[in-house]
Amino acid sequence: MKTGALAAARLVAARDLSLAFRKPSQLLQPLMFFMIVATLFPLTLTPELSRLRDAAPGVLWIGALLSSLLALEFLFRDDAVDGTLEQFALSGQSLTWMLFAKTCTHWLLTGLPLALSAPLAALALGVPVAALGAMIAALALGSFGLSLVGAICAGLTLGARRGGVLLSLLTLPLSVPILVFGSDATRLAIVGADIAGPMYMLSAIAVLGVTLAPLAAAAAVRIGLE
Amino acid sequence: MNWTWFHRFGSAPYMYGFAQRWTPWFGSAALLLMLIALYGGLVLAPPDYQQKDAFRIVYVHAPSATLSLLIYTTMAVTAAVGLIWRMKVAHAAAAACAPIGAWFTVATLITGSLWGKPMWGTYWAWDPRLTSELVLLFLYFGYMGLRAAIEDPQKADKASAVLAIVGIVNVPIIKYSVNWWNSLHQPATRLLGKADMDWSMVWPLLTMFLAFMLFFGAVLLIRLRAELLRRERGASWVREVLS
Amino acid sequence: MLSVSGLHLWRGDRHVLRNVSFEAIPGRCVLLTGRNGAGKTTLLRAIAGLLEPEEGQVSWRGTSTRQTRNEFHAELAYLGHEPPLKGDLTARENLAYSIGIRRPVTGAEVDAALARTGAAKFADRAVRLLSAGQRRRVALAGVLLANAVLWLLDEPATNLDAEGQHLVADLVAEQLARAGVVVAAVHHSLPLAAESLTELTLDVA
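Residues numbered from 1 in each chain as written. Chains lettered and ligands numbered in written order. Predicted model: local features only at pLDDT ≥ 70, side-chain atom pairs only at ≥ 80, totals over all residues.

**Regarding the overall build of chain A**
So, step 1. Looking only at helices and strands, chain A has ten helices and zero strands in total.
So, step 2. The order of helices and strands in chain A, counted from the N terminus, is α-α-α-α-α-α-α-α-α-α.
So, step 3. Computed over its C-alpha atoms, the radius of gyration of chain A comes to 18 Å, within 12% of the 17 Å expected for a compact globule of 226 residues.
So, step 4. Each principal axis of the C-alpha atoms in chain A carries an extent, and together these give about 60 × 35 × 30 Å.
So, step 5. Here chain A, with 226 residues, has 55% of them falling under the buried criterion.
So, step 6. Taking the contacts inside chain A whose residues are at least 6 apart along the sequence as the reference set, 79% of them involve residues at least 24 apart. (Helix = DSSP H or I, 4+ residues; strand = E, 2+ residues; numbered from the N terminus. Rg over C-alpha atoms; globule rule 2.2 N^0.38 Å. Buried ≥ 20, exposed ≤ 12 C-beta atoms within 10 Å, placed from the backbone. Contact = placed C-beta atoms within 7 Å.)

**Focus on the overall build of chain C**
So, step 1. Within chain C, the secondary structure is distributed over six helices and nine strands.
So, step 2. Over its C-alpha atoms chain C spans a radius of gyration of 17 Å, differing by no more than 12% from the 17 Å that the globule rule assigns to 205 residues.
So, step 3. In terms of principal-axis extent, the alpha carbons of chain C reach across some 45 × 35 × 35 Å.
So, step 4. Relative to its 205 residues, chain C shows a buried fraction of 47%.

**Topic: the interface of chain A and chain C**
So, step 1. Between chain A and chain C, the contact holds 22 residues from the first and 22 residues from the second.
So, step 2. Counting only elements with at least two residues in the side of chain A that touches chain C, the list comes to helix H1 (5-22) and helix H4 (84-89) of chain A.
So, step 3. Examining the composition of the side of chain A that touches chain C, we find that six residues originate from one element, H1 of chain A, more than from any other.
So, step 4. Of the residues contributing to the side of chain A that touches chain C, the split by class is eight nonpolar, seven polar and seven charged. (Nonpolar A, V, L, I, M, F, W, Y, C, P; charged D, E, K, R; others polar.)

**Some details on the packing of H1 of chain A against helix H5 (residues 95-109) of chain A**
All names here are of chain A.
So, step 1. At a closest axis distance of 9 Å, the pairing of H1 and H5 adopts a crossing angle of 35°. As for how H1 packs across H5, the hand of that crossing is right-handed. Facing H1, whose interface residues are Ala 5, Ala 8, Ala 9, Val 12, Ala 13, Asp 16, Leu 17 and Ala 20, H5 presents Trp 97, Met 98, Ala 101, Lys 102, Thr 105 and Leu 109. (Axes fitted to C-alpha atoms, helices over the stretch in contact; angles between N-to-C directions. Left-handed = near helix turned anticlockwise from the far one by under 90°.)

**Some words on the sheet that holds strand S5 (residues 63-64) of chain C**
So, step 1. One open sheet holds the four strands; their spatial order is S2-S1-S4-S5 (chain C), and the pairing between them is antiparallel. Strands with a single pairing partner mark the edges of an open sheet, and in this sheet they are strand S2 (14-24) and S5 of chain C. (Pairing = 2+ DSSP bridges.)

**Topic: the sheet that holds strand S7 (residues 150-154) of chain C**
Paired through their backbone hydrogen bonds, the strands of a sheet run either parallel or antiparallel.
Residue and element names in this part refer to chain C.
So, step 1. In space, the five strands of this open sheet follow the order S6-S7-S8-S3-S9, with parallel pairing throughout. Every other strand in the sheet has two partners, leaving strand S6 (76-79) and strand S9 (197-201) as the edge strands with one partner each. Across this sheet, the average inter-strand angle for adjacent strands is 15°, counted without regard to direction.
So, step 2. Pairing of strand S3 (residues 29-33) with S9, which is carried by five bridges, proceeds in the parallel orientation. Its bridge partner being in S9, Leu 32 is matched across the sheet by Leu 200.

**Things to note about the pairing of strand S8 (residues 181-185) of chain C**
Side-chain positions along a regular strand alternate between the two faces of the sheet.
Residues and elements named next belong to chain C.
So, step 1. The buried count for S8 comes to five of five residues, which makes it a mostly enclosed element.
So, step 2. Alternating residues of S8 divide into Val 181, Val 183 and Ala 185 and Val 182 and Ala 184, and every residue in both groups is buried.
So, step 3. Here four bridges tie S3 to S8, and the two strands are oriented parallel to one another. Note on S8: the bridge partner recorded for Val 30 is Val 183.
So, step 4. For the crossover from S7 across helix H6 (residues 162-177) to S8, the handedness is right-handed. (Right-handed = clockwise from strand over helix to strand, strands pointing away.)

**Quick notes on unusual backbone geometry**
Residue and element names in this part refer to chain C.
So, step 1. In this model, Glu 155 sits at a positive phi of 50°, which is unusual for a non-glycine residue.
So, step 2. Its location among the elements puts Glu 155 in the loop between S7 and H6.
So, step 3. Assessed through the 19 C-beta atoms surrounding it within 10 Å, Glu 155 is described here as partly exposed.
So, step 4. Despite not being glycine, Asn 159 has its phi angle at roughly 70°, a positive value.
So, step 5. In this fold, Asn 159 is placed in the loop between S7 and H6.

**Structural notes on the pairing of S7 of chain C**
Residue and element names in this part refer to chain C.
So, step 1. Among the five residues of S7, five are classified as buried, and the element is accordingly described as predominantly covered.
So, step 2. Burial along S7 is two-sided: Leu 150, Leu 152 and Asp 154 facing one way and Trp 151 and Leu 153 facing the other are all buried.
So, step 3. Bridge analysis of S6 against S7 gives four bridges, and the strand direction is parallel. Following the sheet pairing, Tyr 78 is matched in S7 by Leu 152.
So, step 4. Summarising the sheet, S7 and S8 pair through five bridges and their orientation is parallel. Along S8, the bridge assignment pairs Asp 154 with Ala 185.

**With respect to helix H3 (residues 58-85) of chain B**
So, step 1. For H3 of chain B, built from 28 residues, the straight-helix expectation of 40 Å at 1.5 Å per residue is met to within 8% by its first-to-last C-alpha distance of 39 Å.
So, step 2. Downstream of H3 of chain B by one or two residues, Arg 86 of chain B has phi in the positive range, about 50°. (Expected span 1.5 Å × (residues − 1).)

**Observations regarding helix H3 (residues 49-82) of chain A**
So, step 1. Taking 1.5 Å of rise per residue, the 34 residues of H3 of chain A would be expected to cover 50 Å, and the 48 Å separating its terminal C-alpha atoms lies within 8% of that figure.
So, step 2. Within two residues after H3 of chain A, Gly 83 of chain A carries a phi angle of roughly 90°, on the positive side.

**Description of the packing of helix H7 (residues 132-156) of chain A against helix H8 (residues 163-174) of chain A**
When two helices pack together, you describe them by how their axes are tilted relative to each other and by the distance separating the axes.
Residues and elements named next belong to chain A.
So, step 1. Between H7 and H8, the shortest axis-to-axis distance is 9 Å and the interhelical angle comes to 150°. In terms of orientation, H7 and H8 fall into the roughly antiparallel class. Judged by the sense of rotation from one axis to the other, the crossing of H7 with H8 is right-handed. Together, Val 149, Gly 150, Cys 153, Ala 154 and Leu 156 of H7 and Leu 167, Leu 170, Thr 171 and Leu 174 of H8 make up the contact between the two elements.
So, step 2. Class assignment of the residues belonging to the contact of H7 with H8 gives a composition of seven nonpolar, two polar and no charged. (Parallel < 35°, antiparallel > 145°, perpendicular 65-115°, else oblique.)

**Notes on the environment of Pro 128 of chain B**
Residues and elements named next belong to chain B.
So, step 1. By secondary structure assignment, the location of Pro 128 is in helix H5 (residues 128-149).
So, step 2. In the structure, Pro 128 is positioned 95 residues away from Arg 223 in sequence and 32 Å away in space, judged by C-alpha atoms.
So, step 3. Those residues in contact with Pro 128 that sit more than four places away from it in its chain are Val 178, Asn 179 and Asn 182.

Written as structure tokens, this is what we have:
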């Protein structure tokens, strides 16, 4: 009698969550990184809030992107090293589904907290309070897309030397659409306009990602396990 | 339908022979068409009423841009064939395509930059085509970087195949998002609209496209031969060919 | 039940597996012997489906494993060089998760398996605090819990003392008695009845 797919996914998520909470510092690091990056921009540009407001969409999204690239390191790395990933491939469950569960859990632990704590950086960059809700929504949706795309690249770089830099090189071009639409949504939110257009695009990308990215990630992981 | 012709391409010695025979034809046809296109574009075509003679760089710029995308597509298709039918020759072809495509992308960027100077007075502008080409260059670098970083050659083939397929799915999305971004901030700064061109300007362009494609074919066949020799260096057919 | 025929596999330029073939019926243990680098691990991984051979095929219950991958994996337990355990979880938690993904497993079953392999004493310590031998015992408990018909073991007695080596032999014997199949890569032969053993020696390429 085999475990059902949903139950297996729940176990995968539960394991990752319990592991993450045993090492909470690992969760805080990408957030700290995001805050520091957001601080560096005023230091290198200008302290004037009105001018920072114009740059805010870029600063927030690039900070979010760099932070999620760092966080992607620990999506598959530990599991690849200790053989857990191999056991997924041999478990009789769909590897695609297992990796999708892992990616979602990873987003819950990295992307979502980033989106929720972004207001701190945003206010410091002159973003009006009224825009914060929309900004969180865009960052949450965009970071989900980034996690999905990043999972593919993380799978591909499992067998590579100096995988960290290569992971960034592979993920950055593929994340251009998310960056474009996400920063556009943030820009529109700041000026008080309707963000529906770019949000629809982000949702479309997320849907495409959900359907295709886990498949590609599973193919990549199987190749990496050879 | 008889698929033996397809599977014959899976044989390395056959492909080597095929490449050897056809390279001179592709090469000479490419050269001929290039000369005709250059004559048509540089001498016969009248100067553009707006840009005068500066527009002539389109004869190198536009075909380079098309080729850079066409080669990425070819790379992704051959990689997919290699992955699905497990054909080593297909993987070799994909590996051979990558540097050629990257160079065409660089050529597009350089010619675009040179064109920008008389057009806008600056060597770079964030025009949607140039920006997309830049992202495409990064995709090529990623592909070649991944290949170089994986030690095991079969794993490198398969992993880069997955990346190429993921890339080709993303390219339309990236282009669409770059166009969206560009339209938000300034009116379309397209270097040259299709509507502006009179037939005497168009036929050299079409000829040049064809010439570039044949040129790509010739260079690909040469690189493919080198790839096959390198990959199969222990095999007996290689020893025969090299002796 | 397990049939390997005409397996050829290259790793880079090395022709690691050269025309490997064997059959294993229920109650049979196939011992893979050979020097380091001869391809024992490669063969086990190829049977498990982690590596794709260039030629040849692996059949389980008559059908190619490539076609029925998930069903095959549900009946397979694979133990590689390193026990697949997460350092920050306890032994008990590790097995509950890793086996739970395959089949619903109760706490009592986990306890019983840990007791059988002599790992009950340290079942509640974080795995990173355990010695290599202790981790190996936990991993063996995992193999037991999988309820698998086919066991693929890569040097199962590594890091185990003399008592541990006997444990491995006993576990294999019990698996064979349950009409299971075991393929194990070993350095020394296992003390099992000769009728149930087949030895396959691999040579370095």
